[in-house]
Amino acid sequence: MSKAPTAHPRFSEALSALGLDDVEIRAFPDATRTAAQAAEAVGCELSQIVKSLVFEADGEPVLVLMDGASRVDVALVRVELDARTVSRAGADLVRRATGYAIGGVPPFGHVSRMRVLADRGLLAHGTVWAAAGTPHTVFALAPGELIAHARGSVVDVREQTAGVP
């Protein structure tokens, strides 16, 4: 599929700037705003979906890349960033920091540079899928490559549940 008619134009430009012109973009008639919707549309495991979540740490936006089956442990993010306060960013801050609306935020190609934390769990897959700038589009990439293009630091910020390592 051609990325020009499906991906957000800013994200298409980011892909081209990174030399990723051959990345497959998939567009869906129904929104893929949630990880579960995206996994169902793509036909992959929920944990292969990359959630691009914006947090506010001591007043600064921070992007956390998390697999779709897991939740972010805000206390671990706070420790990783050596921040006093960390909370989920509101829709206005998400749009100001990234240039995209919640539900379509890609892992890179944002309007502003921010710190990026990528949970280590993403590396468990050969391919992961992330939003391509709209709630109707996703793209696939190897997780290590995605994290590198996002300029992310690999960290452990996944919420631990009983019995799960």
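Bear in mind that the values here come from a model prediction, so they are computed numbers and not experimental data.

**Focus on the pairing of strand β5 (residues 115-119)**
- Extensive coverage of β5 is indicated by the burial of 4 of its 5 residues.
- Of the strand pairs in this sheet, β5 and strand β8 (residues 153-155) are connected by 3 bridges, and their pairing is parallel. Residue pairing in the sheet places Ala118 in a bridge with Val154 of β8.

**Some details on the environment of Glu24**
- Its location among the elements puts Glu24 in the loop between α1 (9-17) and β1 (25-27).
- As a C-alpha pair, Glu24 and Arg151 span 127 residues in sequence and 21 Å in three-dimensional space.
- For Glu24, the contacting residues outside a window of four places in its chain are Trp129, Val138, Phe139 and Ala140.
- Looking at Glu24, its side chain comes within polar contact range of the side chain of Arg26, at 2.9 Å.

**Overview of the confidence of the model for the chain**
- Summing up the model confidence of the chain, the mean pLDDT is 92 and the portion of residues at 70 or higher is 95%.
- Low pLDDT (under 50) marks residues 1-5, which in the prediction has 9 contacts with non-local residues, meaning those over four places away or in another chain.

**As for the side chain of Ser47**
- By the element assignment, Ser47 lies in the loop between α2 (35-42) and β2 (49-57).
- Overall, Ser47 belongs to the buried group, its relative accessible area being 16%.
- Discounting chain neighbours no more than four positions away, the residues touching Ser47 are Asp67, Gly68, Ala69 and His125.

**Re helix α3 (residues 74-81)**
- At the N-terminal boundary of α3, the capping side chain belongs to Asp73, with an oxygen 3.0 Å from the backbone nitrogen of Ala75.
- Backbone geometry just after α3 places Asp82 at a positive phi near 55 degrees.

**Concerning the environment of Ala36**
- Residue placement: Ala36 occurs in helix α2.
- Placed 11 residues apart in sequence, Ala36 and Ser47 show a C-alpha to C-alpha distance of 9.4 Å.

**Overview of unusual backbone geometry**
- Residue Asp58 is not a glycine yet carries a positive backbone phi of 50 degrees.
- The phi dihedral of Arg151 falls on the positive side, at around 55 degrees, and the residue is not glycine.
- As for its position among the elements, Arg151 is in the loop between α5 (143-149) and β8.

**Let's talk about the pattern of salt bridges**
- Within the structure shown, the criterion is met by 4 salt bridges.
- With a closest N to O distance of 2.9 Å, Glu24 and Arg26 form a salt bridge.
- On the accessibility criterion, Glu24 (35% relative accessible area) is partly exposed.
- According to the relative accessible area criterion, Arg26 is partly exposed, its value standing at 23%.

Reading the values: rules and limits
Residues numbered from 1 in each chain as written. Predicted model: local features only at pLDDT ≥ 70, side-chain atom pairs only at ≥ 80, totals over all residues. Heavy atoms only, no water. Buried < 20%, exposed > 50% of the residue type's maximum accessible area, 1.4 Å probe, protein only. Helix = DSSP H or I, 4+ residues; strand = E, 2+ residues; numbered from the N terminus. Pairing = 2+ DSSP bridges. Contact = heavy atoms within 4.5 Å. Polar contact = N/O pair within 3.5 Å; in protein donor to acceptor, adjacent residues only side chain to side chain. pLDDT = per-residue confidence, 0-100. Salt bridge = Lys/Arg side-chain N within 4 Å of Asp/Glu carboxyl O.

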